[in-house]
Amino acid sequence: MDMLLYAAGFLAGILSGMGVGGGSLLVPVLLAAGQANQTTAQGVCLASFLPVAFAAIIAHFRQKQIELSFLPKLLPWAVAGAVLGALGAGWLPLPWLQGIFGAFLCLLGGYELLSGIFFNAKDSLSHPDGSTRE
Amino acid sequence: MDRMKSHWTSSALFLGLTGFAAGLANGLLGSGGGTLLVPVLASCRHLEQHKAHATTLCVILPTAVISAFIYAKNGFMDWPLILKITLSGILGGVTGALILPKVPTGWLRAALGCFMLISGGKMLWTCFFMPPGF
């Protein structure tokens, strides 16, 4: 069972490194493996995101890729949303939270599927070398 | 119509609302906030993909820190599980960054989109049809 967990983490890490959310893979796998319930699976996503994101931000900052002028307009709202959301995750009954997560996953999945299909054509124009970012 | 739309999506209010939605998603569902924010910054604010990605990380990391803190207070953090996933996730992230130029990202995103639609649909189904107490 541990091997499955390590494999799930490894795959999610690969996806995050590509800019595709690892959580969308991690939460369903952890649930299916019976290793976590909805809230603890989401907690795993949050916690495992922190060190990777921290390292990535330092790298992006050195490359001057962070648009600092946007941060004051975004951060206060985002933090307010996060507090409300995290409190809501503790307050909502688990099946409800799972239903909302499922609906959100369907929406994002549809978006990923469509943009993935249209991505090849668009991206080969803007990045002739085949790279996507960085 | 088109002009009105572009005016609205480039307003500070729209940016703030998107930030709020991203924070809310990240707090309530543990992930997914960045997936909302990157396309908005890229298409409505005309940031290039790398900058949109880097700026989004800068917004999402603080929301993840606050959400993780609230999750921990609620007892949603399974630290041994988090350790396993984080360690393998870091390995996966490095691997992903190395193999990124060689991977057909479009098809990968399409495949992940399919996985998200299936697992999201399954979670919705569970939410509506599982007996209470699940």
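Because the structure is a prediction, the values reported are computed rather than measured.

Rules used throughout
- Residues numbered from 1 in each chain as written.
- Chains lettered and ligands numbered in written order.
- Predicted model: local features only at pLDDT ≥ 70, side-chain atom pairs only at ≥ 80, totals over all residues.
- Heavy atoms only, no water.
- Helix = DSSP H or I, 4+ residues; strand = E, 2+ residues; numbered from the N terminus.
- Expected span 1.5 Å × (residues − 1).
- Bend = angle between axes of the 7 residues up to and from the residue.
- Buried < 20%, exposed > 50% of the residue type's maximum accessible area, 1.4 Å probe, protein only.
- Contact = heavy atoms within 4.5 Å.
- Salt bridge = Lys/Arg side-chain N within 4 Å of Asp/Glu carboxyl O.
- Phe/Tyr/Trp six-rings, centres within 6.5 Å; stacked < 30°, edge-to-face > 60°.
- Lys NZ or Arg CZ within 6 Å of the ring centre and 35° of its normal.
- Buried area = accessible area lost by both parts, 1.4 Å probe.
- Polar contact = N/O pair within 3.5 Å; in protein donor to acceptor, adjacent residues only side chain to side chain.
- Nonpolar A, V, L, I, M, F, W, Y, C, P; charged D, E, K, R; others polar.
- Axes fitted to C-alpha atoms, helices over the stretch in contact; angles between N-to-C directions.
- Parallel < 35°, antiparallel > 145°, perpendicular 65-115°, else oblique.
- Left-handed = near helix turned anticlockwise from the far one by under 90°.

Asker: Looking at this structure, I do not really get helix α3 (residues 38-62) of chain A. What am I missing?
Answerer: For an α-helix the count is 3.6 residues per turn, leaving residues at separations of three or four pointing the same way. With 25 residues, α3 of chain A should cover 36 Å at 1.5 Å per step; its first-to-last C-alpha distance of 36 Å lies within 8% of that length. Leu 50 of chain A marks where α3 of chain A bends most, by close to 35°; the proline Pro 51 of chain A follows one to four residues later.

Asker: Honestly, unusual backbone geometry in this entry has me stumped. Any pointers?
Answerer: Negative phi characterises most residues that are not glycine, and trans characterises most peptide bonds. Although it is not a glycine, Lys 64 of chain A sits at a positive phi angle of roughly 55°. Position of Lys 64 of chain A among the secondary structure elements: in the loop between α3 and α4 (71-91). One non-glycine residue with positive phi stands out, namely His 46 of chain B, at about 55°. Mapped onto the secondary structure, His 46 of chain B falls in the loop between α3 (33-43) and α4 (49-73). Residue classification places His 46 of chain B among the exposed positions, given a relative accessible area of 66%.

Asker: Looking at this structure, how should I read the environment of Gly 9 of chain A?
Answerer: As for its placement among the helices and strands, Gly 9 of chain A is situated in helix α1 (residues 2-17). Look at Gly 9 of chain A and you get buried, because its relative accessible area is 1%. For the pair Gly 9 of chain A and Cys 45 of chain A, spaced 36 residues apart in sequence, the C-alpha separation works out to 9.8 Å. Discounting chain neighbours no more than four positions away, the residues touching Gly 9 of chain A are Leu 26 of chain A together with Ile 85, Ser 88 and Gly 89 of chain B.

Asker: I would appreciate a short explanation of the pattern of salt bridges in the present structure.
Answerer: Note on pairing: side chains with opposite charge can pair once their charged atoms come close. Here the structure, examined in full by the defined rule, presents 3 salt bridges over all chains. For Lys 84 of chain B, the salt bridge goes to Asp 2 of chain A, with nearest N and O atoms at 3.1 Å. Of this pair, Lys 84 of chain B sits in helix α5 (residues 79-99) while Asp 2 of chain A is found in helix α1, placing the two residues in two different chains. On the basis of relative accessible area, Lys 84 of chain B is assigned to the partly exposed category, the value being 23%. With a shortest N-O distance of 3.4 Å, Lys 51 of chain B and Glu 67 of chain A are connected by a salt bridge. Placement of the pair is Lys 51 of chain B in helix α4 and Glu 67 of chain A in the loop between α3 and α4, with the two residues belonging to separate chains.

Asker: Quick question: what am I supposed to make of the packing of aromatic side chains here?
Answerer: Note on aromatic pairs: each is described by the distance of the centres and the angle between the planes. Under the criterion given, the structure shown has 2 aromatic pairs over all chains. Ring geometry for Trp 8 of chain B versus Phe 14 of chain B: centroids 5.4 Å apart, planes at 70°, classification edge-to-face. Judged by its relative accessible area of 39%, Trp 8 of chain B falls in the partly exposed class. The interplanar angle of 85° and the centroid separation of 5.6 Å between the aromatic rings of Tyr 71 of chain B and Phe 76 of chain B together place this pair among those described as edge-to-face. You can call Phe 76 of chain B buried: its relative accessible area is 13%. Here the basic side chain of Arg 45 of chain B rests over the ring of Phe 70 of chain A, its NZ or CZ set 5.4 Å away from the ring centre.

Asker: Is there a simple way to think about the interface of chain B and chain A in this case?
Answerer: Interfaces are frequently sized by the accessible area removed from exposure as the parts join. Facing the 84 residues of chain B at the interface are 94 residues of chain A. Carbon and sulfur atoms make up 79% of the area that chain B and chain A hide from each other, which totals about 8000 Å². If you sort the residues of chain B by the area they bury against chain A, Leu 29, Arg 109 and Met 123 of chain B come out on top, with a joint share of 9%. Connecting chain B to chain A are 3 salt bridges. Note that Arg 109 of chain B is salt-bridged to Glu 112 of chain A, the shortest N-O span being 2.8 Å. Counting across the interface, chain B meets chain A through 11 residue pairs in polar contact (both at pLDDT 80 or more). Elements that contribute at least two residues to the side of chain B that touches chain A include exactly α2 (12-29), α3, α4, α5 and α6 (105-129) of chain B. Among the elements that take part in the side of chain B that touches chain A, α4 of chain B stands out by supplying 20 residues, more than any other. Within the side of chain B that touches chain A, the residues separate by chemical class into 50 nonpolar, 29 polar and 5 charged.

Asker: I'm lost on the packing of α3 of chain A against α5 of chain B in this one. Help?
Answerer: If you want to describe how two helices pack, look at the angle between their axes and the distance between the axes. Where α3 of chain A contacts α5 of chain B, the axes come no closer than 9 Å and their chain directions differ by 45°. Between α3 of chain A and α5 of chain B, the angle falls in the class oblique. The two elements α3 of chain A and α5 of chain B cross, and the hand of that crossing is right-handed. Listed contacts from α5 of chain B to Gly 43, Val 44, Ala 47, Ser 48, Pro 51 and Val 52 of chain A of α3 of chain A are Trp 79, Leu 81, Ile 82, Ile 85, Thr 86 and Ile 90 of chain B. Here the residues of the contact of α3 of chain A with α5 of chain B sort into 9 nonpolar, 3 polar and no charged.

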